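So the chains spell out like this:
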Amino acid sequence: DARVTQTPRHKVTEMGQEVTMRCQPILGHNTVFWYRQTMMQGLELLAYFRNRAPLDDSGMPKDRFSAEMPDATLATLKIQPSEPRDSAVYFCASGVAGSTDTQYFGPGTRLTVL
Amino acid sequence: QQQVKQSPQSLIVQKGGIPIINCAYENTAFDYFPWYQQFPGKGPALLIAIRPDVSEKKEGRFTISFNKSAKQFSLHIMDSQPGDSATYFCAASISGTYKYIFGTGTRLKVLA
């Protein structure tokens with residue numbers, strides 16, 4: 001059955017390194033979201049795209065985070081340089097704007113920055 | 001005004017009990033209220049959702065009650081089972097924006 005996929009599922013890296021997380025939305029979905037989940041802050045929306053164009057990235061620290069959709073089947077979230085406070089689970093979700101308003105979440109990438 | 005306040009933070013009930021999770025919002029423009037269920041190590045998954053034109057919606061053992069005047073909505077789980085042990089998130093959205101504001105989550109444990 002169709003589902004959102006994310007890679008890698010786990011990532012451990014040293015402070016200062018670049019981290020790239022990838023998401024494959026469900027085929028045909030035109031809206032893609034990036035969320036960050038921590039115990040302290042819960043689920044925070046970082047950015048989202050519609051038809052590959054960024055609609056809102058106000059939740060994202062601009063100096064180190066960047067999000068792109070090189071094509072309709074791939075979304076990326078990059079952190080450069082990474083910091084220990086970036087340690088969290090990062091979720092991608094996708095959906096069809098104008099349909100049911102449902103967001104379908106991927107399994108997440110657990111990032112640990114040492 | 002964009003916040004969604006969720007309570008309680010955690011909840012423990014016996015099997016067969018009816019846990020109730022509450023959410024409150026301020027922005028009257030919100031018109032879509034989903035509940036998501038998240039198991040450890042998994043992404044959140046849509047459980048049930050309601051729009052403000054109805055006061056209650058049931059799907060199986062899960063019921064949303066909605067009070068538009070009080071700007072509150074709640075999730076009830078009938079005949080709760082240990083398999084319902086998970087974290088539950090409420091959210092609010094304005095139709096068409098597709099942008100959710102999530103509550104802080106409720107960790108539910110159902111004892112066997």
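Please refer to the structure placed before this passage.
What counts, and where the lines are drawn
- Residues numbered from 1 in each chain as written.
- Chains lettered and ligands numbered in written order.
- Predicted model: local features only at pLDDT ≥ 70, side-chain atom pairs only at ≥ 80, totals over all residues.
- Heavy atoms only, no water.
- Salt bridge = Lys/Arg side-chain N within 4 Å of Asp/Glu carboxyl O.
- Helix = DSSP H or I, 4+ residues; strand = E, 2+ residues; numbered from the N terminus.
- Buried < 20%, exposed > 50% of the residue type's maximum accessible area, 1.4 Å probe, protein only.
- Contact = heavy atoms within 4.5 Å.
- Buried area = accessible area lost by both parts, 1.4 Å probe.
- Polar contact = N/O pair within 3.5 Å; in protein donor to acceptor, adjacent residues only side chain to side chain.
- Pairing = 2+ DSSP bridges.
- Axes fitted to C-alpha atoms, helices over the stretch in contact; angles between N-to-C directions.

1. Describing the pattern of salt bridges
Part 1: Across all of its chains, the model carries 10 salt bridges over all chains by this definition.
Part 2: The shortest N-O distance in the salt bridge between Asp56 of chain A and Lys99 of chain B comes to 2.4 Å. Of the two residues, Asp56 of chain A sits in strand β6 (residues 53-56) while Lys99 of chain B sits in the loop between β9 (86-93) and β10 (100-102), which places them in two different chains.
Part 3: Here Arg85 of chain A and Glu83 of chain A are joined by a salt bridge, their closest N and O atoms 2.5 Å apart.
Part 4: Arg85 of chain A sits in the exposed class, given a relative accessible area of 61%.
Part 5: Through salt bridges with shared partners, one network takes in Arg64, Glu83, Arg85 and Asp86 of chain A.

2. What about the interface of chain B and chain A?
Note on interface size: it is often stated as the accessible area lost on association of the parts.
Part 1: With 18 residues of chain B at the interface, the matching set in chain A holds 23 residues.
Part 2: Together, the buried faces of chain B and chain A total about 1600 Å²; carbon and sulfur atoms form 50% of this surface.
Part 3: Three residues, Tyr98, Lys99 and Phe102 of chain B, lead the burial of chain B against chain A; their summed loss comes to 39% of the area buried on that side.
Part 4: Viewed at the interface, chain A and chain B are joined by 2 salt bridges.
Part 5: Inspection of the chain B/chain A interface yields 10 residue pairs in polar contact (both at pLDDT 80 or more).

3. Details of the sheet that holds strand β8 (residues 72-77) of chain B
Hydrogen bonds between backbone groups are what pair the strands of a sheet, and the pairing can be parallel or antiparallel.
All names here are of chain B.
Part 1: On the basis of which strands lie adjacent, the open sheet formed by 5 strands has the order β1-β3-β8-β7-β6 and antiparallel pairing. Lying at the two open borders of the sheet, with one neighbouring strand each, are β1 (4-7) and β6 (56-59). The average undirected angle you get between the axes of adjacent strands in this sheet is 15°.
Part 2: Sheet analysis places β1 next to strand β3 (residues 20-25), joined by 4 bridges and oriented antiparallel. In the sheet register, Val4 faces β3, and the bridge partner there is Tyr25.

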